[in-house]
Amino acid sequence: MLRQLHSLPGLIAAVFAIVLGVTGAILSLDPALERVNTTVPAAGTLSVAELTAKLALHYPDAEQIVRTPSGTLVVYFSRDGQVGIDQADPLTGASIAPYQPSAFSRWIKNLHRALLLDTTGRALVGITALLMILLAVSGAMLLAARMGGWRQLLQPVRGTLSQRLHIDFARVAIVGLLLSALTGAYLSASTFELVSEGVEADPELPLEVAEGVPTAIETLAVLKATDFNDLRELVYPYPNDPAGMYSMTTEQGAGYIDQVSGVWLSYQPHDATHAFYEFMYMLHTGEGLWWLGLLLGLSALSVPLLTVTGTIIWWKRQSSKPKLANNSSADSADSVLLVGSESNTTWAFAKTLHDALVQAGHRVHTAPMDQLASHYRAAQRLFILTATYGDGDAPASAKHFLKRLEKITQQPTFATAILGFGERQYPNFCGFAKQVESALHAKDWPQLLPLDTINRQSPQEFNRWGHSLGTALGAELNLLHTPVRPKTTTLELVERADYGIAVQAPTAVLRFKLPAELHSSTALKRLCKRTGMPYFEAGDLVGIFPPDSSIARFYSLASASIDGTLEICVRQHLGGVCSNFLYTLPIGGRMEAFIQPNPNFRPATGKAPVILIGAGTGIGPLVGFIRHNQTLRPMYLYWGGRSSESDFLYEPELNAYLKDRRLTELNAVFSRSDERAYVQDKVALDSEKLRKLIEGNAQILVCGGRDMANSVSTTINAIISPLGIDLATLKAQGRYLEDVY
């Protein structure tokens, strides 16, 4: 619900928000530019009386003087029968230049305030401001939920490029955007008289004035008592008019001044409501606070980027979800299907089940697991299809499921069936599905079927489970799921480096490029560093289809698309279909591959140290992170192999990175050498140094086999124990990331 509150206003207000953001940024320059070209006396150093005396030397026929909120002094005068307007120097009274407000600024201001329209435009601007308030508040709440609480708002964020840009810019700009939106909404409401502007001082016109010769203006008591910085406007009386009087407006109020006695004839202060309106106007425009205007302008510049990245995020989320036909409401459905998915692949199986149940005559409500309701009015059965993320963690769409489940106290009338998706090679196979089963069992929820699992998204196993479900429902149910093969790119092997044959661990670093006939290089592509390959970053995954196989195997990437090559590190496994295909691929050989982003495994932005830990081919993405460490932030690599003479993967590159300081420290250990050590042993030896790095906000990234990762996690837990934190805390903060296999 919160995400919908954030997405829908953004999509509705997108175009108007961009217009308001760009025009607001342009207008924010006006107060600063005006201040640059204006001399502003310090408070208490120049009275209005002293100012008028200086102006009299240069403008004997002055009729009116105005001080703008930014301090510019404007003089209206007549000379030789002609009316003139000058900007004057308040310190000397001399002319600076004719005063000519920019026609472009007026046009931009009209576009910003009313979209070049009248009442309709002002209404649209007001509505957009309200939507921006909703966007800012809901966005902050979403970010707090994603980061694990308000205290974690400033922690490094993980995600795709568009997600990181969206969140990082929003965190910087949100205060300014919220201030602009709140003040803009208030000003818009005052335009339509929904809130009061208050009463600007409107003093009573005096009926009598003192008789006598007008006193020199610089001696008038009221003008001597009024500081220049409080002045808004001073209107002179007509020359030789004995009934004339001065009219003056200040920051505090307005009134009429006797030209003979120099005292107030009448005076009316601004009321508090109007003073508040003026304050809100100043906060919105920056007029009178030029530095605030610049800050608001910088915030406004983020609006186009936030709009574009937000739209991309929304579109990717929508397009990756299967389109569900006949998705009944939660209250009317007899069958509820909840889905836990990290990369939306589980949704494809859920759609197959959804369609089969609908075809069998059921009313089905399908939703993410995080949308678990406290009560389903008509439900007779609840199905949960969930993947597992990492080492038994909840996938993206089920992060809050267990907490929501814990709050439900009412015993359901429906029965449940859980189906887990995972890979048996992982020790914690379908770990989250098992957690869900335990939680339901602890609440004594009725069971329709015992927990079942699907290995490597097998369509055959899914159909087998469908037959069991059909039997339980008393109806034939065929779940014929056909995986959609992702669009692939043909890549050609152009370079390889072989290691590990002497220690029975044949391993190769393989580098691929687009075949020549598929890569059309143009000057524009070269300028933009476009290689023709799909976009990817080091740490992302490449899915590879071996010949005659419909199941993709995934490898971590050691390169980014900007490098011009796709680089992976592959060890040949006995009986491994894909590893044998890749390892024996000759130079010039080709493969079909696609990119699967892995935004949850890469160094966070910033300057905090990074500790990289891996073994074997797990060094691939870690080398990629070091290779792209252009800011030279501290990076410490701990890596384990078998023999320094046979399988020291990337040794020449790592030594080069040490020299150019992209790598701060290299710690390589080998299990078949004299030291006979593993990477976790070296980590334990350096416990004091690593504890200090972690205390200094260091991030840890671990890549390699599951056994190694388990040993490393145990070691790290022991290292940080004296700090009063544990591994779960580091993981929650995004400071301990794993990519294991």
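Higher on the page you've got the structure.
Going along each chain's sequence as written, the residues are numbered from 1 onward. Predicted model: local features are reported for residues with pLDDT of at least 70 only, side-chain atom pairs are reported and counted for 80 or more only, and whole-chain, interface and lining totals are derived from all residues. Excluding hydrogens and water, the side-chain values take into account all heavy atoms of the structure.

1. Structural notes on the sheet that holds strand 17 (residues 553-556)
Okay, so step 1: In this analysis, strands are considered paired if DSSP registers two or more bridges between them. Counting from the N terminus, the helices are the DSSP runs of H or I reaching at least four residues and the strands are the DSSP runs of E reaching at least two. If you walk across this open sheet you meet the six strands as 17-16-19-14-15-18, and the pairing is antiparallel. Every other strand in the sheet has two partners, leaving strand 17 and strand 18 (566-571) as the edge strands with one partner each. The average angle at which neighbouring strand axes cross in this sheet is 40 degrees, direction not considered.
Okay, so step 2: Pairing of strand 16 (residues 541-545) with strand 17, which is carried by four bridges, proceeds in the antiparallel orientation. Considered in strand 17, the bridge of L541 is made with S556. Helix axes are fitted only over the stretch in contact, all axes being lines through C-alpha atoms; the angle between N-to-C directions runs from 0 to 180 degrees.

2. Thoughts on the packing of helix 6 (residues 161-191) against helix 8 (residues 272-285)
When two helices pack together, their arrangement is given by the angle between the helix axes and by the axis-to-axis distance.
Okay, so step 1: Contact geometry of helix 6 with helix 8 gives a least axis separation of 9 Å together with a crossing angle of 135 degrees. On the basis of their axis angle, the class for helix 6 and helix 8 is oblique. Here helix 6 runs over helix 8; the crossing is left-handed. Here L179, S180, L182, T183, G184, Y186, L187 and S190 of helix 6 come into contact with helix 8, specifically with T273, F276, Y277, M280, Y281, L283 and H284.
Okay, so step 2: Looking at side-chain class alone, the contact of helix 6 with helix 8 contains nine nonpolar, six polar and no charged residues. Angle categories: roughly parallel below 35 degrees, roughly antiparallel above 145, roughly perpendicular from 65 to 115, and oblique for all the rest. Rotating anticlockwise by less than a right angle from the far helix to the near helix defines a left-handed crossing, while the corresponding clockwise rotation defines a right-handed one. The contact rule is simple, with two residues in contact once any of their heavy atoms fall within 4.5 Å. Each residue is assigned to one of three groups, with Ala, Val, Leu, Ile, Met, Phe, Trp, Tyr, Cys and Pro labelled nonpolar, Asp, Glu, Lys and Arg labelled charged, and all others, Gly among them, labelled polar.

3. Considering the sheet that holds strand 1 (residues 62-67)
Okay, so step 1: What the eight strands build is an open sheet, ordered 4-3-2-1-5-6-7-8; its pairing is antiparallel. The two strands at the open ends of the sheet, each matched to only one other strand, are strand 4 (95-98) and strand 8 (264-269). On average, adjacent strands in this sheet sit at an angle of 20 degrees to one another, irrespective of strand direction.

4. Things to note about the packing of helix 10 (residues 345-359) against helix 13 (residues 459-473)
Okay, so step 1: Closest axis-to-axis distance for the helix 10/helix 13 pair is 12 Å, and the angle between their directions is 35 degrees. As for how helix 10 packs across helix 13, the hand of that crossing is right-handed. Between helix 10 and helix 13, the contacting residues are F349, T352, L353 and L357 on the first element and F462, W465, L469 and L473 on the second.
Okay, so step 2: Residues that form the contact of helix 10 with helix 13 fall into these classes: seven nonpolar, one polar and no charged.

5. As for the pairing of strand 18
Both faces of the sheet carry side chains from a regular strand, because those side chains alternate between them.
Okay, so step 1: With five of its six residues buried, strand 18 lies for the most part within the structure.
Okay, so step 2: Relative to strand 18, strand 15 (residues 507-513) runs antiparallel, the two sharing six bridges. Residue pairing for strand 18: F512 is matched across the bridge by L566. Summary of the burial criterion: residues with accessible area below 20% of their type's maximum are buried, those above 50% are exposed, and those between are partly exposed, where the area comes from a 1.4 Å probe applied to protein chains only.

6. A few points about a nonpolar patch on the surface
Okay, so step 1: A patch consists of residues exposed above 30% relative accessible area that lack any salt bridge, with like charges linked at up to 9 Å and nonpolar side chains (Val, Leu, Ile, Met, Phe, Trp, Tyr) linked at up to 5 Å. Per-residue accessibility takes into account occlusion by the displayed protein chains alone, with areas from the Shrake-Rupley method and a 1.4 Å probe. Think of a salt bridge as a Lys or Arg side-chain nitrogen and an Asp or Glu carboxyl oxygen that are within 4 Å of each other. On the surface, L29, L33, W290, W291, L294, L295, L298 and L301 cluster together into a nonpolar patch covering about 780 Å² of accessible area.
Okay, so step 2: Elements supplying a minimum of two residues to the nonpolar patch: helix 2 (29-36) and helix 9 (290-320).
Okay, so step 3: A per-element tally of the nonpolar patch places helix 9 first, with six residues.
Okay, so step 4: Residue placement: L301 occurs in helix 9.

7. Quick word on the side chain of S70
Okay, so step 1: Within the secondary structure, S70 is located in the loop between strand 1 and strand 2 (73-79).
Okay, so step 2: Take S70: its relative accessible area is 6%, and that puts it in the buried class.
Okay, so step 3: Beyond its immediate chain neighbours, meaning those up to four positions away, S70 contacts P31, E34, R35, T38, V40, E287 and G288.

8. So, the pattern of salt bridges
Oppositely charged side chains are able to pair whenever their charged atoms sit close together.
Okay, so step 1: For the structure shown, the criterion picks out 22 salt bridges.
Okay, so step 2: Salt bridges here are not isolated pairs; linked through shared partners, they connect E495, R511, E567, R627 and E653.

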